[in-house]
Amino acid sequence: MDAEVAEEMDAETTENPEENQNPEEGTEAPETSETGAISFEDTFVLNEDRSFTNLILSTSEYNKFISGEGDLHLVSEKAYEYLNDAYDFIIILSVETSQPNDLFYGRSTPVSNSIEGLGGSIYDNSASYGSNGKLKGIIYMPRSEYIRNGPFLHEIVHTWANKNFIPTTVGGHWGYAGTAGQLGGFDELVSMGGNNYQGRLNGEDGFGSFANGGNSIPYGNLELYLMGLIGPDDLEAVQVAVNPQAGSSFGQFSSDAIETYTPQDMIARNGARVPSFQNSQKEFKALMVIISKEKLEAEKIANVHSNLENFSRASTPDDSWGNTNNFWMATQGRASFSFDVLPEHIK
């Protein structure tokens, strides 16, 4: 498959995150006081805490999203009608009370990439979504609870990985590799003889080839490198299985061989990361759009805001999150992720 075509494919998560594994001419601009919700339109409202917007869709448009065919352009164009091009990500969440049947848990749609050395191509499709090169990607998840449970961390890191940085048989993910990250992989490999292996993670048998249990684990070493949060001197070697075949038990597989890719091997294969760790972006901004068929209830507004505050805080989340990682924890305090809609973001 052509590299640029592959780069533009959506990355989906089908794993249950709780298991291991300017206004238009003639339109009056809204008032932008510092208190109270802002109604850009009756169907497009910025919450009082300025942490997310609520876009009310027709039943037919809403249902397209929960069947996997939602119109991302409809959402992004509405956002840019009233908000400036200030966001690295647009996050779209439905308000389903349970996971829809036969639907992915999350999908990351790449929009642009200007970083060299990730294994993929340089491209920019942001204009088609209403951005002028700022927007990196659009993430959709069918439930707002997935901010906390995942696969939110997983979908974010698809911005940088896996774009064939190392070989994989699980497209867009790490597959059978010693990566121990959000996109799968083990941290320990036990030989069982006869080219059979047991992959382990965090001291237990088993690992996911495309995910490792929602937000329950932080980003792996290779993921941190690709995100630009550590440099090549901190990059670790990675074991990769050749022609792996899943076994009958969790985390067991056979392969023709186990190859080790040193940091030097991986950088020679893909080129140096540009911008480097020293110059990479480490503060990210996202616009959160909650889509619904009617206005959100006060309880839902409070719950979404609480989860966004916990995810973006530069410290551990509150007790309601248990042992779940937020972005600060997952990046080992090396980066930030903000949902704030500031006055200067509003047209």
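**Overview of the packing of aromatic side chains**
Think of a pair of aromatic rings as described by two things: how far the centres are apart, and how the planes are tilted against each other in angle.
Thinking step 1. In this structure the tally under the stated criterion is 28 aromatic pairs.
Thinking step 2. When the ring of Phe40 is compared with that of Phe44, the centres are 5.3 Å apart and the planes differ by 35 degrees; the resulting orientation is tilted.
Thinking step 3. Pairing Phe207 with Phe253 gives two aromatic rings, centres 6.1 Å apart and planes at 80 degrees, and the pair type is edge-to-face. Linking Phe207 in the loop between β12 (204-205) and α6 (221-226) with Phe253 in strand β15 (residues 252-254), this pair joins segments that are 46 residues apart in sequence.
Thinking step 4. Take Phe253: its relative accessible area is 1%, and that puts it in the buried class.
Thinking step 5. Ring-pair connections join several aromatic residues into one group, and the members of that group are Phe89, Phe152, Trp160, Tyr219, Phe284, Phe311, Trp321, Phe327, Phe337 and Phe339.

**Focus: the side chain of Thr324**
Thinking step 1. Residue position: Thr324 is located in the loop between α8 (298-312) and α9 (327-330).
Thinking step 2. Here Thr324 falls in the buried class, since its relative accessible area comes to 16%.
Thinking step 3. Of the polar contacts made by the side chain of Thr324, one reaches the backbone oxygen of Trp321; its length is 3.0 Å.
Thinking step 4. Among residues more than four places away in sequence, those in contact with Thr324 are Arg148, Asn215, Pro317 and Met329.

**A closer look at the environment of Gly68**
Thinking step 1. Topologically, Gly68 is positioned in the loop between α2 (59-66) and α3 (72-82).
Thinking step 2. Separated by 251 residues in sequence, Gly68 and Asp319 have C-alpha atoms that sit 33 Å apart.
Thinking step 3. Those residues in contact with Gly68 that sit more than four places away from it in its chain are Leu103, Phe104 and Arg107.

**Details of helix α7 (residues 263-270)**
Thinking step 1. Restricting attention to buried positions, one finds in α7 the residues Pro263, Met266 and Asn270. The arc enclosing the buried residues of α7, seen along the axis, measures out at 70 degrees, which places them on a common side. Facing away from the buried side of α7 by more than 90 degrees, the exposed set consists of Gln264 and Ala268.
Thinking step 2. Buried-residue contacts for α7 involve α6, β13 (238-242) and β16 (257-261).
Thinking step 3. Of the residues trailing α7, Gly271 is marked for its positive phi of about 85 degrees.

**Considering unusual backbone geometry**
Most peptide bonds are trans, and most residues other than glycine sit at a negative phi.
Thinking step 1. Cis geometry is found at the peptide bond from Gly150 to Pro151, where omega equals 20 degrees.
Thinking step 2. Within the secondary structure layout, Pro151 lies in the loop between α4 (146-149) and α5 (152-157).
Thinking step 3. Between Val274 and the following residue, Pro275, the backbone shows a cis peptide bond with an omega angle of 5 degrees.
Thinking step 4. Here Pro275 is to be found in the loop between α7 and β17 (283-292).
Thinking step 5. With a phi close to 60 degrees, Asp102 is a non-glycine residue in the positive phi region.
Thinking step 6. Position of Asp102 relative to the elements: it lies in the loop between β5 (89-93) and β6 (106-110).
Thinking step 7. Classification of Asp102 by relative accessible area gives exposed; the value is 85%.

**Observations regarding α3**
Thinking step 1. For α3, the tally of buried residues reaches 8 of 11 residues, placing the bulk of the element in the interior.
Thinking step 2. Of the positions making up α3, those classed as buried are Leu72, Val75, Ser76, Lys78, Ala79, Tyr80, Glu81 and Tyr82.
Thinking step 3. One side-chain oxygen at the N-terminal end of α3 lies 3.1 Å from the backbone nitrogen of His73; it belongs to Asp71.

Rules behind the numbers
- Residues numbered from 1 in each chain as written.
- Predicted model: local features only at pLDDT ≥ 70, side-chain atom pairs only at ≥ 80, totals over all residues.
- Heavy atoms only, no water.
- Phe/Tyr/Trp six-rings, centres within 6.5 Å; stacked < 30°, edge-to-face > 60°.
- Helix = DSSP H or I, 4+ residues; strand = E, 2+ residues; numbered from the N terminus.
- Buried < 20%, exposed > 50% of the residue type's maximum accessible area, 1.4 Å probe, protein only.
- Polar contact = N/O pair within 3.5 Å; in protein donor to acceptor, adjacent residues only side chain to side chain.
- Contact = heavy atoms within 4.5 Å.
- Arc of directions from axis to C-beta.

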